[in-house]
Every structure is written in structure tokens, then in C-alpha cells.
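Listed below are the residues making up each chain.
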Amino acid sequence: MSKQPEFTWDEVSGICGCSIVLDNYLHGFGIAQCADIDRDMLSERTGAHIAESRAQINLLQNYKNNVLRPGLQALKHLRSTMTQSKKHNSESYERKRLNIEIRNYEKDIADIQQAIELQKQTLYAYISNKDHLYQRIRANDHEGYKESDTETLQKDIDLYNETIKAEAN
């Protein structure tokens, strides 16, 4: 997906929005809002990451529902009308090719659904890790500091830097 995401950020409300527009028919939108209990940890970078993940999920769902499923439905309709013909030959190249294309569409839909589920799991893990980190910071818990905390923070910083570079271009 070649288009760069566009972000909006409102520090007062703690709402970050992200839109990814590939063309007139294919787009994804995501919103992240800071919870009231997390106002002390308000972060544009975290909001941008969550909003972008949600926009990517929405984009994949739109692709699956607005491109792949209608195409599959059209191919299945064509196959059903072909079988009604008196000249129908189930061993013809056209029939075999049509069945292959239907299987390809079904596989693409399954793959997209799997990608959506993986993205949702990744987002859920990110939010859970952030929540755990915020609780530790609030409790002033510096014991048991883990290297993974540094990695999580570094990923946030890298994402933020990439976003700033993209906006500058």
C-alpha cells in the first residue's frame, strides 16, 4: 500500500486520527482517543500508532468487502449461469479456469482475514503493553525494568520520526 497515512492530532481532546487513501474506492480510517485515566501519559506518538493500526485494519476490511467479495460473487454467479446452458461442458478450459479463479479469490479473502486478525492481535498487545508500562511508571516501579520496555519505547520513537519525515516531504 503505497500511499502515506495522514494524521490529525488534537492535544486538548487527546484524539488522533489517521486516514490512508489509496484511490476513490479504497481507503481506511482509524481513530485513537486517550482514556481519561491515561491523561497524565498523553502521547501523540502512541495515538498515531494506534490510529494508524486501526486505519490499516479498516483498509484491509474495505478491500475484502468492497473488492474481493463482489468479485467472488460475480464469478460464482457466472459459474451458476454457465451450468444452466445446454452447451455447458464441465471439462472445458473455461470452466476449469473459472474454478481456479474462484479458489484464488477465496484464498485471498482468507489471507486478508488472517492479516486483519493478526493486526488486531498486534494492536491489542501494543495497548496492553502500554497500559502495563503506564501503571509501572505511575507506581514508580523501577525494579524489574526490562529490556523489552526500552524496545517498545524505541519503536515508538522510530515510528514518530518516520511520521515526521513523511509529513515534511
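Located above this text is the structure these notes cover.
Residues numbered from 1 in each chain as written. Predicted model: local features only at pLDDT ≥ 70, side-chain atom pairs only at ≥ 80, totals over all residues. Heavy atoms only, no water.

### Remarks on the overall build of the protein
Okay, so step 1: Within the protein, the secondary structure is distributed over 3 helices and 3 strands.
Okay, so step 2: Counting helices and strands in the order they occur from the N terminus, the protein gives β-β-β-α-α-α.
Okay, so step 3: Each of the three principal axes of the protein carries a C-alpha extent, and together these read 80 × 35 × 30 Å.
Okay, so step 4: Counting across all 169 residues of the protein, residues that qualify as buried make up 30%.
Okay, so step 5: Residue pairs in contact within the protein that sit at least 24 positions apart in sequence constitute 59% of those at least 6 positions apart.
Okay, so step 6: Accessible surface computed for the protein: about 11600 Å², of which carbon and sulfur atoms make up 51%.
Okay, so step 7: Between the averaged position of the 22 positive side-chain charges in the protein and that of its 26 negative side-chain charges there is a distance of 14 Å. (Helix = DSSP H or I, 4+ residues; strand = E, 2+ residues; numbered from the N terminus. Buried < 20%, exposed > 50% of the residue type's maximum accessible area, 1.4 Å probe, protein only. Contact = heavy atoms within 4.5 Å. Areas by Shrake-Rupley, 256 points an atom, 1.4 Å probe, with all protein chains shown as cover. Lys, Arg positive; Asp, Glu negative; His and termini not counted. Charge placed at Lys NZ, Arg CZ, Asp CG, Glu CD.)

### As for helix H1 (residues 44-83)
Okay, so step 1: The terminal C-alpha atoms of H1 lie 57 Å apart, and with 40 residues this matches the ideal 58 Å at 1.5 Å per residue to within 8%.
Okay, so step 2: Where H1 begins, the side chain of Ser43 points an oxygen toward the backbone nitrogen of Arg45, at a separation of 3.3 Å. (Expected span 1.5 Å × (residues − 1). Polar contact = N/O pair within 3.5 Å; in protein donor to acceptor, adjacent residues only side chain to side chain.)

### So, helix H2 (residues 93-138)
Okay, so step 1: For H2, with 46 residues, the first-to-last C-alpha span of 67 Å sits near the 68 Å given by 1.5 Å per residue.
Okay, so step 2: Following H2 by one or two positions, Asn140 has its phi on the positive side, about 60°.

### Remarks on the pairing of strand S3 (residues 27-33)
Okay, so step 1: Of the two faces of S3, only one is covered, namely that formed by Gly28, Gly30 and Ala32; the face formed by His27, Phe29, Ile31 and Gln33 stays uncovered.
Okay, so step 2: Two elements, strand S2 (residues 15-21) and S3, share 7 bridges in a ladder whose sense is antiparallel. Residue pairing in the sheet places Gly17 in a bridge with Ile31 of S3. (Pairing = 2+ DSSP bridges.)

### Here we look at the sheet that holds S3
Okay, so step 1: Strands sit in the order S1-S2-S3 across an open sheet of 3 strands; the sheet is antiparallel. Edge positions in the sheet fall to strand S1 (6-10) and S3, since each of these pairs with one other strand and no more. Going from strand to strand, the sheet's axes swing by 10° on average, the running direction of each strand aside.
Okay, so step 2: Sheet analysis places S1 next to S2, joined by 5 bridges and oriented antiparallel. For Asp10, the partnering residue across the bridge sits in S2 and is Ile15.
Okay, so step 3: Running at roughly 145° to S3, H1 makes contact with S1, S2 and S3 of the sheet. (Axes fitted to C-alpha atoms, helices over the stretch in contact; angles between N-to-C directions.)

### Re the pattern of salt bridges
Okay, so step 1: Taken as a whole and assessed by the stated rule, the structure comprises 6 salt bridges.
Okay, so step 2: The closest approach of N and O atoms between Asp38 and Arg138, which form a salt bridge, is 2.9 Å. Of this pair, Asp38 sits in the loop between S3 and H1 while Arg138 sits in helix H2, placing them 100 residues apart in sequence.
Okay, so step 3: Salt-bridge contacts for Glu101 lead to Arg97; the nearest nitrogen and oxygen are separated by 2.3 Å. Remark: Arg97 and Glu101 occur in helix H2; sequence separation between them is 4 residues, near one turn of the helix.
Okay, so step 4: Of the residues examined, Glu101 reaches a relative accessible area of 25% and is grouped as partly exposed.
Okay, so step 5: By relative accessible area, Arg97 is classed as partly exposed at 32%.
Okay, so step 6: One salt-bridge network, held together by shared partners, links Asp38, Asp40 and Arg138. (Salt bridge = Lys/Arg side-chain N within 4 Å of Asp/Glu carboxyl O.)

### Considerations on the packing of H1 against H2
Okay, so step 1: Where H1 contacts H2, the axes come no closer than 9 Å and their chain directions differ by 165°. With respect to H2, the axis of H1 lies roughly antiparallel. The crossing of H1 and H2 is left-handed.
Okay, so step 2: Of the residues assigned to the contact of H1 with H2, the class counts are 21 nonpolar, 10 polar and 11 charged. (Parallel < 35°, antiparallel > 145°, perpendicular 65-115°, else oblique. Left-handed = near helix turned anticlockwise from the far one by under 90°. Nonpolar A, V, L, I, M, F, W, Y, C, P; charged D, E, K, R; others polar.)

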